[in-house]
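This is what each chain is made of:
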Amino acid sequence: MKKETKWELDQAHSVISFSVRHLMISRVKGSFTKFDASIYTWEKDFTKIEIDLQIEAASITTGDEKRDEHLRGIEFFDIQNHDQISFTANEMGNADVSGKHQLWGDLSMKGVTKRIMLVAEPGGMITDLLGKEKAGFKITGIINRADWGLLWNQALEAGGLLVSEEVEIVCDIELINMSQEELIMDLDSRDDIYAKPL
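Residues numbered from 1 in each chain as written. Predicted model: local features only at pLDDT ≥ 70, side-chain atom pairs only at ≥ 80, totals over all residues. Heavy atoms only, no water.

In this section: the overall build of the protein chain. Within the protein chain one finds two helices and eleven strands. The secondary structure elements of the protein chain, listed N-terminal to C-terminal, are β-β-β-β-β-β-α-β-β-β-β-β-α. Per-residue burial over the protein chain gives 36% buried out of 198 residues. Sequence separation of 24 or more characterises 58% of the internal contacts of the protein chain that already satisfy a separation of 6 or more. As displayed, the protein chain has an accessible area near 12,100 Å², and 54% of this comes from carbon and sulfur atoms. (Helix = DSSP H or I, 4+ residues; strand = E, 2+ residues; numbered from the N terminus. Buried < 20%, exposed > 50% of the residue type's maximum accessible area, 1.4 Å probe, protein only. Contact = heavy atoms within 4.5 Å. Areas by Shrake-Rupley, 256 points an atom, 1.4 Å probe, with all protein chains shown as cover.)

Encoded structure:
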């Protein structure tokens, strides 16, 4: 009988990152260092998935503390009033000819929720050296930050804007099959029971 499979983010091997164009000639990259997710699939079928991802907005880092403080402020994420960024999804399309899936979900930032489409590219499934089953994905997409009220910008004398409104999302995700671990623990406990003398 098929059942739900619970997955957990491997924090040490997962990255949620983004990049934006700067001065219209280069890109500034950043990431969020604190996040967690509740993820369930039907068996190991990732087209039947439920995702509840929570990101701590204050954990944003771009390698420049002054810029990071600006991003945490009211002109961008306004972390004093909106400390969490969330993404929830329960729909992943079948793979296209290149093996990529459309992942539809609701992205909430700064009190605004918008439905977005991301691209999920499976990296494969494997059992690691500790016997834990792992699944890997690369998640990409492009959003317009202005849709969530992240409006700050400056015009350049030569034309264009200091920072692009388009934000490229790139996430490398590694998942651990927790249902497998729970099953192993359950079997171990049964072994303990049977090992007790009568």
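With that out of the way, let us pick up the environment of Glu65. Tracing the chain through its elements places Glu65 in helix α1 (residues 65–72). Within polar-contact distance, the side chain of Glu65 engages the side chain of Arg72 at 3.2 Å. (Polar contact = N/O pair within 3.5 Å; in protein donor to acceptor, adjacent residues only side chain to side chain.)

Turning our attention to the pattern of salt bridges. Per the counting criterion, the structure on display carries ten salt bridges. Across the pair Glu133 and Lys44 runs a salt bridge, and its minimum N-O distance is 2.9 Å. With Glu133 in strand β10 (residues 133–144) and Lys44 in the loop between β4 (35–42) and β5 (45–56), this pair connects stretches of sequence that are 89 residues apart. Among the salt bridges present, the one from Lys134 reaches Asp128, with a minimum N-O distance of 3.4 Å. (Salt bridge = Lys/Arg side-chain N within 4 Å of Asp/Glu carboxyl O.)

Attention now goes to the environment of Ala58. Following the sequence through the fold, Ala58 ends up in the loop between β5 and β6 (60–61). In this structure the C-alpha to C-alpha distance between Ala58 and Asp83, which are 25 residues apart in sequence, comes to 6.7 Å. When residues no more than four places from it in sequence are discounted, the contact partners of Ala58 are Arg72 and Ile79.

Let us now look at the nonpolar core. Ranked by size, the top nonpolar core spans 43 residues in total, and within it Leu53, Phe77 and Phe87 carry the most contacts. Ignoring any residue separated from it by four or fewer positions in sequence, one finds Phe87 in contact with Ile51, Asp52, Leu53, Leu103, Trp104, Gly105, Asp106, Leu107, Ile116 and Leu118. (Core = buried A, V, L, I, M, F, W, Y, C linked by side-chain atoms within 4.5 Å.)

Those residues of α1 that sit buried are Asp68, Leu71 and Arg72. When α1 is viewed along its axis, its buried side chains cluster within an angular range of 100 degrees and face the same direction. In this structure, the buried residues of α1 make contact with β6. (Arc of directions from axis to C-beta.)

What follows deals with unusual backbone geometry. The residue Glu43 is not glycine, and still its phi comes out positive at about 60 degrees. Tracing the sequence through the fold places Glu43 in the loop between β4 and β5. With relative accessibility at 32%, the residue Glu43 sits in the partly exposed group. Despite not being glycine, Asp78 shows a phi value in the positive range, around 50 degrees.

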